[in-house]
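Here is how the chains run, residue by residue.
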Amino acid sequence: MSANTAAAGARLKKPSWKDPRLLLGVLLVLVSVAGVVSLVGAADQTTEVYAARGPIAVGERLGAENVSRVKVRLGDVEDRYITAESGLPEGVVAVQRIGPDQLVPRESLGKRDALNRKPVAITVDEALPEQAVAGSRVDAWVALPDARNGFSEPKLLLPGAEIAQVTPGSTALGSSRSTVVLVLVTDEQMPKLLGAQANKAKISVVWNPGGGSL
């Protein structure tokens, strides 16, 4: 048998499991498959958390009627939100306004007795700017009745108060002429506001675009 014939026979010889080239090929395939599986698993690392179905006001209790479950990838911030696995704590209410479709942060929930702001209705006759909506901030100015001039000079009573709700008011005939603004008021601010209302003071609400930092 010639040398060329022997070489050709060697090349055509059925590979053995002990052939290092075959073992290397199998190893590369396994590594590739493992990489794909790992990549798919990493891409599917989602967490089921709660999100608001609609706006949730301060003091409102959370339940199946106003929250839903959604799957999202949170990564390192997962502990900041309420997960479906842990479930909603019993007897909690929103201590901060939660916007529609917003994920429910842990810091936005608390016990009802932990609420440090309560909604108070202020009726205003002036037209409000379109920016004065639930969640935005306003300043409330109060002018007390004055026997000589009608009303005294307005004074700032509530700086940067958060709006909880805005609804149109109505007169006895049913025509809308005023606006009722629910603002969140602390216990410390409450006596002055209620006193102003009891004394028929004129209360004006002014949108405060920088009020969130107060």
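Data block above holds the structure.
Residues numbered from 1 in each chain as written. Predicted model: local features only at pLDDT ≥ 70, side-chain atom pairs only at ≥ 80, totals over all residues. Heavy atoms only, no water.

Peer 1: Residues and numbers for the overall build of the protein, please.
Peer 2: The helix and strand tally for the protein stands at three helices and eleven strands. Element order for the protein, N to C, with α for helix and β for strand: α-α-β-β-β-β-β-β-β-β-β-β-α-β. Counting across all 214 residues of the protein, residues that qualify as buried make up 31%. Long-range pairs, those at least 24 residues apart, make up 62% of the contacts in the protein with a sequence separation of at least 6. Roughly 14,300 Å² of accessible area belongs to the protein as shown, and the carbon and sulfur atoms make up 56% of that amount. (Helix = DSSP H or I, 4+ residues; strand = E, 2+ residues; numbered from the N terminus. Buried < 20%, exposed > 50% of the residue type's maximum accessible area, 1.4 Å probe, protein only. Contact = heavy atoms within 4.5 Å. Areas by Shrake-Rupley, 256 points an atom, 1.4 Å probe, with all protein chains shown as cover.)

Peer 1: I'd like a description of the environment of Leu 194, backed by residues and values.
Peer 2: Tracing the backbone shows Leu 194 in helix H3 (residues 190–198). The exposure class of Leu 194 is partly exposed, given its relative accessible area of 42%. Considering only alpha carbons, one finds Leu 194 and Val 120, 74 residues apart in sequence, at a separation of 8.9 Å.

Peer 1: Any details on the pattern of salt bridges? Residues and values, ideally.
Peer 2: Per the counting criterion, the structure on display carries five salt bridges. Taking the shortest distance from any N to any O, the salt bridge between Glu 48 and Arg 69 comes out at 3.9 Å. Within this pair, whereas Glu 48 is found in strand E1 (residues 47–52), its partner Arg 69 is found in strand E2 (residues 67–72), the two being separated by 21 residues in sequence. Arg 69 gets classed as exposed once you look at its relative accessible area, which sits at 51%. Salt-bridge contacts for Glu 162 lead to Arg 117; the nearest nitrogen and oxygen are separated by 2.8 Å. (Salt bridge = Lys/Arg side-chain N within 4 Å of Asp/Glu carboxyl O.)

Peer 1: Give a description of a negative patch on the surface that names residues and reports values.
Peer 2: On the surface, Asp 76, Glu 78, Asp 79 and Glu 85 cluster together into a negatively charged patch. Here Glu 85 is to be found in the loop between E2 and strand E3 (92–94). (Patch = residues over 30% accessible without salt bridge, like charges linked within 9 Å, V, L, I, M, F, W, Y side chains within 5 Å. Lys, Arg positive; Asp, Glu negative; His and termini not counted. Charge placed at Lys NZ, Arg CZ, Asp CG, Glu CD.)

Peer 1: Please give an account of a nonpolar patch on the surface that cites residues and values.
Peer 2: There is a patch of nonpolar side chains on the surface, built from Trp 141, Leu 156 and Val 206 and spanning about 250 Å² of accessible area. As for its placement among the helices and strands, Val 206 is situated in strand E11 (residues 202–207).

Peer 1: Tell me what's going on with unusual backbone geometry, and back it up with residues and numbers.
Peer 2: For Asp 101, which is not glycine, the phi torsion reads 70° and is therefore positive. Relative accessible area serves as the criterion here: at 63%, Asp 101 is assigned to the exposed category. Unlike most non-glycine residues, Lys 200 shows phi in positive territory, near 60°. Looking at where Lys 200 falls in the secondary structure, it is placed in the loop between H3 and E11.

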